[in-house]
Amino acid sequence: MKEGLVAGVVAIFLGMLAIFIGWTIIGGLGLGIPALLLAMRSYRKGHRLLGVFGIIFSCVGIIEGLAIAGIVGFLSILTMPTRIEVTTTPTVKAETFKWKLLWEKRLNDTAYQIKVSPNGKFVSVKAGRQLLVFSRDGNISYNVDDGITFVTKLISISDEGESWILRSQFQKGSTELAIVKNGKAIWVVDLWKILTFPAHVSSIAISQDGEYVVALDGGWIHFSRRENNSLVILWKFKPIETLPKIAISGDNRYICISGIKWVALLDKQGKLIWEKDFSLYGAHWSPPYFISNSNLIGISSGTNDLVLIIDLEGQLIRKIRLKDDVSSPIVVNNLIIGVTRINGTKVLRVYDWEGKPIYTFKTKGNDIIAIASSLDGKYIAVSDNALRVYFLEKED
């Protein structure tokens, strides 16, 4: 009888305690269940009144704990992040891709800037004060080194082997935009006569056909058309951020601007189509890449290993999390080309649009300086700290 009395009293105490702290789930269930067992034991030992009260209190505590558990579970389902599913872009199979080395050249200086023509027929290299252009077979098309002209920026190279450069003329004290072909400047414009601060042009892009030039100058983006021996400014646009990067679509219909947080798209007439803050996903966005086989734009974050694929309406199509810590990624047709570090050595790596590495290339040096690719990613150029340039071709 005494055992039943003690069990009943303890059951009532635990049951009441379970009611008071039942909102913790553990309190309601952890105290309510032992209280119920003790109450039933007290009831069987003859202390029916204590047993009944113990059963009531313990059941209330258990029900309270179960209710709280159900509410927490329901809320966790509601707040669970939704995964972005994309079916519009095919996934590249890793085993279908391999690049072969077409040629390797040793230079007299480090190639800090390198460009590949959209069709992959030419490679333009700025090494020290030299500007060299190689054809696809590795022959030197031309070499410029006159001691008077100093190439400050290699902008691009056309499908015909024309290198677009920014250069400083020390004798004239000017900053020029020039087209160099076969070792000679075939078109030159003094930017001091057109722009406000040409010596501080931080971002510039040339259309694939060489007809249009987009340059950031004095916080304004200038869209110009090449006419004879001059540039005619068609319109200006003031971006939200001060130092954005610029790209022109292959058909010249769109201009994309990327900055620290914002990405914007304009049409050929300078009309803003959309302007969006993508800082939710990352920051310090790379130069945008118009993807040639679709109406998509690729950008990568400088703060994490994330690549975003956006359509021309500004909608996020795909988030790609790269498997490595990648710098300088280039986004092309279903591929991402970048530089990562393996065992302390920088290597070139190609990734599919799932973020998985599908190809790795190690140079003779331990540091990769610059990379570039053709528009479709079939041809890739690499320079390293061993004063070498490598040219790769994707095998069919």
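Just above, that's the structure.
I will try to describe carefully the structure that is included in this document. Quick caveat, the model's predicted, so the values are computed rather than measured. (Residues numbered from 1 in each chain as written. Predicted model: local features only at pLDDT ≥ 70, side-chain atom pairs only at ≥ 80, totals over all residues. Heavy atoms only, no water.)

1. With respect to the sheet that holds strand E26 (residues 368–373)
- Taken in spatial order, the four strands line up as E1-E28-E27-E26 in an open sheet, and their pairing is antiparallel. The sheet is open, and its two borders are formed by strand E1 (99–106) and E26, each paired with just one other strand. Here the average twist between neighbouring strands, direction ignored, is 20°.
- Pairing between E1 and strand E28 (residues 388–394): seven bridges, direction antiparallel. Looking at E28, one finds that lysine 105 is bridged to valine 389. (Pairing = 2+ DSSP bridges. Helix = DSSP H or I, 4+ residues; strand = E, 2+ residues; numbered from the N terminus. Axes fitted to C-alpha atoms, helices over the stretch in contact; angles between N-to-C directions.)

2. Things to note about the sheet that holds strand E17 (residues 272–277)
- One open sheet accounts for four strands, arranged E14-E15-E16-E17; its pairing is antiparallel. Pairing within the sheet leaves two strands with one partner each, and these edge strands are strand E14 (245–248) and E17. Across the sheet, the mean angle separating the axes of adjacent strands is 15° when strand polarity is ignored.

3. Focus: unusual backbone geometry
- With a phi close to 55°, histidine 284 is a non-glycine residue in the positive phi region.
- On the secondary structure map, histidine 284 appears in the loop between E17 and strand E18 (289–291).
- Relative accessible area serves as the criterion here: at 44%, histidine 284 is assigned to the partly exposed category.
- For asparagine 343, which is not glycine, the phi dihedral falls at a positive 55°.
- Note that asparagine 343 resides in the loop between strand E23 (335–342) and strand E24 (345–352).
- Take asparagine 343: its relative accessible area is 81%, and that puts it in the exposed class. (Buried < 20%, exposed > 50% of the residue type's maximum accessible area, 1.4 Å probe, protein only.)

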